[in-house]
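Chain by chain, the residues:
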Amino acid sequence: MTREMKDSGIKWVHDIPKSWNVTRGKYLFVNKKEVVGAKVDEFERLALTLNGVIKRSKDDSDGLQPDKFDTYQILRKNELVFKLIDLQNISTSRVGLSPYVGIVSPAYIILKANKKVHPQFAEKYYLMMWMNQIFNILGDAGVRSSLNAKELLELPLPLPPLIGQRKIAEYLDKKCSEIDSISQDVQKQVEVLEEYKRSAIIEAVTHGLNPSAPMKDSGIRYIGKIPAHWNTDKLKYHLKRNEPRNPGNKQVLSLYREYGVIPKDSRDDNHNVTSEDTSKYKYVTPGDFVINKMKAWQGSVGISGYEGIISPAYFVYKFSDSIFVKKYFHYLLRSCYKDEFRRLSGGIREGQWDLSPEGLENTVLLIPPQEEQKEIANYLDKKCSEIDSVIADKKAQLETIEKYKKSLIYEYVTGKKEVINE
């Protein structure tokens, strides 16, 4: 039997069942901020991630890291935690329900539910808002768009009776667990394919395509053996830094770990801010080698296929001779040298690794004969295209699964669908 519906008055919810109420968060939650202070050693550190609230080591240096944790706040089990800063970044986590007791960043907002609302139901409702980018839309127009606790508590929630909230939460927990299990299986397949692609590239650029070729020690500890007829030499003998400034009216380029050098506006997931004054940006032409000195150890290097300008923090090199086939060089530098660039970067400075020009230019490269470089590049173009096609199919499956999960949560927390007793 179809339930009678009414307008909720909430523009991102629309109609709800007539028996449901609409209540603002301030009547359902208490915003608390219990600073841990001297008790800091009694609590584990927690973090809000895309996978919910997780335990995180106090020694974990990933991302911003405080010197001390005494200003952190205590988060308790079944309390909601929100990260509602920098809302322009649509890809980060925003809400979670804690299964633990611990401490979290003082920038987070913590809400404790009263007896009128089931915390697990509220979590699903706020997850729906995050999935539909409602928080991002509601945030102010500042440089770091945000919502504060008072603004969060003013937001309305559609509420069925408590028993209905519990049924919806339990049903969605069960269904989302099943969906997440399927998603994890597909994600593992993607990771296996990406690892296979990396292995195929490394094998080809270090050993060539002839498995029976005689081998010799390369003299490079992180490379090992190479075909006996290949040569090696330092980068500085074949490339020179050449970094003219922005000549004006050129497109802005970005350097991706996954894609190399591409136009910044060719992807909608690029959140790097371009300076208003680009006069100091470096001019790049097709065939130039570009390297992000702070992220070289992550594979942020590549041959540009475009003309444009790029961050003044990057290095730009031009080839001083024709000994390298540039596509082979592109595959070589992006696959085999990450660990060496990490070593050469010499540690973290202000949260970033920093590769020196001297370290880069003294890096020893593999130099197969030119015809062999072409064969390797052509082989890898074809091989990587085949693997990328399968990966794209798997990622499309993940998007479909995520859309289904998003739709499922929306339909049940807004009453469009009803949990039927089995």
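Above: the structure in question.
Residues numbered from 1 in each chain as written. Predicted model: local features only at pLDDT ≥ 70, side-chain atom pairs only at ≥ 80, totals over all residues. Heavy atoms only, no water.

S.K.: Which parts of the structure should I look at to understand the overall build of the chain?
M.R.: A tally of regular secondary structure across the chain gives eight helices and 26 strands. For the chain, the C-alpha atoms occupy an extent of roughly 80 × 50 × 50 Å along the three principal directions. Counting every position in the chain, which comprises 422 residues, the buried fraction comes to 46%. Taking as baseline every contact in the chain between residues at least 6 positions apart, the subset at least 24 positions apart corresponds to 74%. When the accessible surface of the chain is totalled, it reaches about 22,600 Å², and 49% of it is carbon and sulfur. Of the side chains in the chain, 65 bear a positive and 57 a negative charge, and the two mean positions are spaced by 3 Å. (Helix = DSSP H or I, 4+ residues; strand = E, 2+ residues; numbered from the N terminus. Buried < 20%, exposed > 50% of the residue type's maximum accessible area, 1.4 Å probe, protein only. Contact = heavy atoms within 4.5 Å. Areas by Shrake-Rupley, 256 points an atom, 1.4 Å probe, with all protein chains shown as cover. Lys, Arg positive; Asp, Glu negative; His and termini not counted. Charge placed at Lys NZ, Arg CZ, Asp CG, Glu CD.)

S.K.: Can you walk me through helix H6 (residues 338-345) in this structure?
M.R.: Quick reminder: α-helices carry 3.6 residues per turn. Residues three or four places apart thus point the same way. Inspection of H6 places Glu340, Phe341 and Ser345 among the buried residues, and these make up the whole buried set. Relative to the axis of H6, the buried residues are bounded by an arc of 135 degrees and lie together on one face. Two residues or fewer after H6 comes glycine 346, characterised by a positive phi angle close to 75 degrees. (Arc of directions from axis to C-beta.)

S.K.: Is there a simple way to explain the pattern of salt bridges in this structure?
M.R.: Opposite charge on two side chains makes pairing possible when the charged atoms of those side chains draw close. All chains considered together, the criterion is met by 26 salt bridges. One salt bridge connects lysine 18 with glutamate 4, and the closest N-O pair in it is separated by 3.3 Å. One end of the pair, lysine 18, is in the loop between strand E2 (15-17) and strand E3 (21-24); the other, glutamate 4, is in the segment before strand E1 (5-7), and 14 residues separate them in sequence. Judged by its relative accessible area of 53%, glutamate 4 is exposed. The closest approach of N and O atoms between glutamate 195 and arginine 198, which form a salt bridge, is 2.8 Å. A residue pair is termed a helical-turn pair when its members lie 3 or 4 positions apart in one helix, as glutamate 195 and arginine 198 do in helix H4 (residues 162-207) at three residues. One salt-bridge network, held together by shared partners, links Lys32, Glu34, Arg76 and Glu79. (Salt bridge = Lys/Arg side-chain N within 4 Å of Asp/Glu carboxyl O.)

S.K.: It is not clear to me how the packing of aromatic side chains should be interpreted in this structure. Could you clarify?
M.R.: The geometry of two aromatic rings is summed up by the distance between their centres and the angle between their planes. Applying the stated rule across the entire model yields 15 aromatic pairs. Both rings, one in phenylalanine 289 and one in phenylalanine 329, keep their centres 5.1 Å apart while their planes meet at 90 degrees; by these two values the pair is edge-to-face. Of this pair, phenylalanine 289 sits in strand E20 (residues 289-291) while phenylalanine 329 sits in helix H5 (residues 326-336), placing them 40 residues apart in sequence. Comparing phenylalanine 289 with phenylalanine 329 shows no difference in burial state: the two are buried. (Phe/Tyr/Trp six-rings, centres within 6.5 Å; stacked < 30°, edge-to-face > 60°.)

S.K.: I'm lost on the nonpolar core in this one. Help?
M.R.: Soluble globular proteins tend to pack their nonpolar side chains together in the buried interior. Residues Phe29, Phe82, Tyr125, Tyr126 and Phe135 are the most contacted members of the largest nonpolar core, which totals 52 residues. Residue contacts for phenylalanine 29: discarding those within four places in its chain leaves Leu80, Leu111, Lys112, Ala113, Asn114, Val117, Ala122, Tyr126, Leu153 and Leu157. One finds Ile201, Ala204, Ile291 and Phe324 within the second-largest nonpolar core, a separate group that totals 36 residues. (Core = buried A, V, L, I, M, F, W, Y, C linked by side-chain atoms within 4.5 Å.)

S.K.: So what exactly am I meant to see when it comes to the packing of H4 against H5 here?
M.R.: Geometry of a packed helix pair, given as the angle between the helix axes and the separation of the axes. It is at 9 Å that the axes of H4 and H5 come closest, and there the two elements cross at 120 degrees. Classed by the angle they form, the pair H4 and H5 counts as oblique. Viewed along their axes, H4 and H5 form a crossing whose handedness is left-handed. Between H4, through Ile201, Ile202, Val205 and Thr206, and H5, the contact on the second element is made entirely by Tyr328, Tyr331, Leu332, Ser335 and Cys336. When the residues that make up the contact of H4 with H5 are grouped by side-chain class, the tally is seven nonpolar, two polar and no charged. (Axes fitted to C-alpha atoms, helices over the stretch in contact; angles between N-to-C directions. Parallel < 35°, antiparallel > 145°, perpendicular 65-115°, else oblique. Left-handed = near helix turned anticlockwise from the far one by under 90°. Nonpolar A, V, L, I, M, F, W, Y, C, P; charged D, E, K, R; others polar.)

S.K.: Please explain the pairing of strand E11 (residues 109-113) as it appears in this structure.
M.R.: Moving residue by residue along a regular strand, the side chains alternate between the two faces of the sheet. Where strand E4 (residues 29-31) meets E11, three bridges bridge the pair, whose relative direction is antiparallel. Paired with valine 30 across the strands is lysine 112, a residue of E11. Looking at chain direction, strand E8 (residues 80-82) and E11 are connected through three bridges and run antiparallel. Following the sheet pairing, phenylalanine 82 is matched in E11 by isoleucine 109. (Pairing = 2+ DSSP bridges.)

S.K.: Looking at this model, I keep getting lost on the sheet that holds E4. Mind explaining?
M.R.: In a beta sheet, neighbouring strands are held together by backbone hydrogen bonds and run either parallel or antiparallel to one another. The strand order across the open sheet formed by four strands is E4-E11-E8-E9, and the pairing between neighbours is antiparallel. Two strands lie at the open edges of the sheet, namely E4 and strand E9 (95-97), each paired on one side alone. Strand-to-strand twist of the sheet, defined as the mean angle between neighbouring strand axes without regard to direction, takes the value 25 degrees. Strands in contact with helix H1 (residues 119-131) are E4, E8, E9 and E11; relative to E9, the strand with the most contacts, it is inclined by about 165 degrees.

S.K.: Teacher, can you tell me more about the packing of H5 against helix H8 (residues 370-413) here?
M.R.: Close contact between H5 and H8 brings their axes to 8 Å; oriented N to C, the two are set at 65 degrees. Of the two elements, H5 crosses H8, and the hand of that crossing is left-handed. Residues Lys327, Tyr328 and Tyr331 of H5 pack against Gln373, Ile376, Ala377, Leu380, Asp381 and Cys384 of H8. In terms of residue class, the contact of H5 with H8 is built from six nonpolar, one polar and two charged.

S.K.: Is there a simple way to explain the state of the cysteines in this structure?
M.R.: Disulfide: a covalent bond formed between the sulfur atoms of two cysteine residues. Per the stated rule, a full pass over the model turns up zero disulfides. Not engaged in a disulfide, the cysteine cysteine 384 finds its nearest cysteine sulfur in cysteine 336; these two sulfurs lie 12 Å apart. By relative accessible area, which is 6% here, cysteine 384 ends up buried. (Disulfide = S-S within 2.5 Å.)

S.K.: Sorry if this is basic, but what is going on with the environment of tyrosine 72 here?
M.R.: One can find tyrosine 72 in the loop between strand E6 (52-55) and strand E7 (73-75). Using a relative accessible area of 7% as the deciding quantity, one classes tyrosine 72 as buried. Each C-alpha atom, one on tyrosine 72 and one on glycine 37, is 7.6 Å from the other, the two residues being 35 residues apart in sequence. When near neighbours in sequence (up to four residues on either side) are disregarded, tyrosine 72 contacts Glu34, Val35, Val36, Arg45, Pro66, Ile103, Val104, Ser105 and Pro106.

S.K.: Can you walk me through the environment of methionine 294 in this structure?
M.R.: Note on placement: methionine 294 falls in the loop between E20 and strand E21 (301-303). When the C-alpha positions of methionine 294 and phenylalanine 341 are compared, they lie 9.7 Å apart, and in sequence the two are 47 residues distant.

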